[in-house]
Amino acid sequence: MPEQPGDAAARDPLRESAFLRAARGERPDHTPVWFMRQAGRSLPEYRRVRAGVGMLESCMDPELVVEITLQPVRRYGVDAAIFFSDIVLPLKAAGVDLDIKPGIGPVVASPVRTMADVEALPELDPGQVPFIAEAVRALVGELGATPLIGFAGAPFTVASYLVEGGPSKEHAATKAMMFGAPDVFAALLAKIARTAATYLEVQVAAGASAVQLFDSWAGALTPEDYRAQVLPHSAAVLERAGALGVPRIHFGVGTANLLTDMAEAGADVVGVDWRTPLDRAVPLVGDRAVQGNLDPTLVFAPTEVMTARAAQVIEAGRAARGHIFNLGHGVIPSTDPDQLARLTEFVQSYGSAG
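Counting restarts for each chain: residues are numbered from 1 in the order of the written sequence. pLDDT decides what is reported in this predicted model: residues at 70 or higher carry local features, side-chain atom pairs at 80 or more are listed and counted, and totals for whole chains, interfaces and linings draw on all residues regardless. In computing side-chain values, all of the structure's heavy atoms are included and hydrogens and water are not.

(A) Looking closely at the layout of surface pockets. Within this scheme a cavity is a closed region of a 1 Å grid, computed over the protein atoms alone, that accommodates a 1.4 Å probe without allowing it to escape, whereas a pocket is open but has protein on both sides within 12 Å along at least five of seven lines; lining residues each have an atom within 4 Å of a point. Grid points are joined across faces, edges and corners, and a volume is the space filled by probe spheres set on the points. The volume enclosed by the largest pocket comes to roughly 890 Å³. Every residue lining the largest pocket is counted, 32 residues in all, and those nearest its centre are R37, R41, D86, G105 and P106. Helical segments are the DSSP runs of H or I of at least four residues, strand segments are the runs of E of at least two, and each set is numbered from the N terminus. At the level of elements, α3 (44–50), β2 (98–101), β3 (105–108) and β5 (210–215) are the ones that each hand at least two residues to the lining of the largest pocket. Broken down by element, the lining of the largest pocket gets its largest block of residues, three residues, from α3. Charged residues are taken to be Asp, Glu, Lys and Arg, nonpolar residues to be Ala, Val, Leu, Ile, Met, Phe, Trp, Tyr, Cys and Pro, and polar residues to be all remaining types, Gly included. Partitioning the lining of the largest pocket into residue classes produces 17 nonpolar, nine polar and six charged. Around the second largest pocket, the lining comprises 14 residues; the ones closest to its centre are W274, P277, N293, R309 and V313. Mapped by element, the contributors of at least two residues to the lining of the second largest pocket are α14 (278–285) and α15 (303–317). Sort the elements by how many residues they give to the lining of the second largest pocket and α15 lands first, with four residues. Considered class by class, the residues forming the lining of the second largest pocket number seven nonpolar, three polar and four charged.

Here it is as structure tokens:
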């Protein structure tokens, strides 16, 4: 008997989930929604399980990773789960001496400044992160038809932490290397790209259904510098991820002037932060899906204001090949979880994504 419409979905409800359909440029029955940068940060249950446990320690504990990743899915019923991790976790696992200081962020004991420093930097071997594969496998079993998004930091952002020794607003040392020692800079980004790609491969091999490459600091670059010195390395990560057959999301902060280049680096879905309206972003990314991009502070507004603006985002997203609703950056820790629940319900019930 010929296969009937709907048979494929019956066989593989995960593949036919709203999130993965939108990521492939299809039109699911509603606009899928998830919240990035650890939506659990605003949840009391997150604060309970993290009490007294360091960030990196949390990321290396499979049971804790599973619990924290599942919390927003349980609480909100979002259309995808984001793997709980941190962009510097692969470096730590590979042997780099660093820590995440509360209230500060990642701090590197010996910043990378010379070619010798780059050559001494260890690369990640899959055997160094068995806890990641274990957590992903457990999550896939728990999530069922809800996709899991793997996660890695993009080469420029990770390089900035390594060169600066910690968070920086100006990225002066990083740019000094980029401009003054381009060979050192290129070698550093190439090494980070290999580690990021390996980290994503581990997650996908264990069952992650999509990946997101997160570039927090790319917005500090001009388009010319991004194209010449950063894009090739992000593209190398995304190329290896693309070989795995899963959708690739590429997101950066403050990257309105880089959206076309970030799309051309190899993204299937381009994340757009809240500073750029989707109706402006869609023409810039070409024939690709978009993700975003409600201002994270709008969840502090009256519900009717928040949902009205969310409706504008959904309508603007219809012009894209596909649209995944998200905030235009991470959930603010003081966010009211009930307001995020109302936002999720509104987006999922708004109407057909077609």
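(B) Focus on the environment of L56. By the secondary structure assignment, L56 is in helix α4 (residues 55–59). Considered as a pair, L56 and D86 are 30 residues apart in the sequence and their alpha carbons are 7.6 Å apart. In this structure, L56 is in contact with V88, L89, K92, L98, D99 and I100, ignoring residues within four places of it in sequence. By the convention used here, residues are in contact when the closest approach between their heavy atoms is within 4.5 Å.

(C) Local environment of the pattern of salt bridges. Throughout this description, the term salt bridge denotes a Lys or Arg side-chain nitrogen within 4 Å of a carboxyl oxygen of Asp or Glu. One pass over the structure, following the stated rule, counts 15 salt bridges. In this structure, K101 engages D99 in a salt bridge whose closest nitrogen and oxygen atoms are separated by 3.9 Å. In this structure K101 comes out as partly exposed when scored by relative accessible area, which is 37%. Accessibility here uses a 1.4 Å probe with only protein chains present; expressed as a share of the type maximum, an area under 20% marks a residue as buried, one over 50% as exposed, and anything in between as partly exposed. Using a relative accessible area of 33% as the deciding quantity, one classes D99 as partly exposed. Ionic pairing is found between R240 and E201, a salt bridge with its closest N-O pair at 2.8 Å. Here E201 lies in helix α11 (residues 182–205) and R240 lies in helix α12 (residues 223–242), a separation of 39 residues in the sequence. With relative accessibility at 25%, the residue E201 sits in the partly exposed group.

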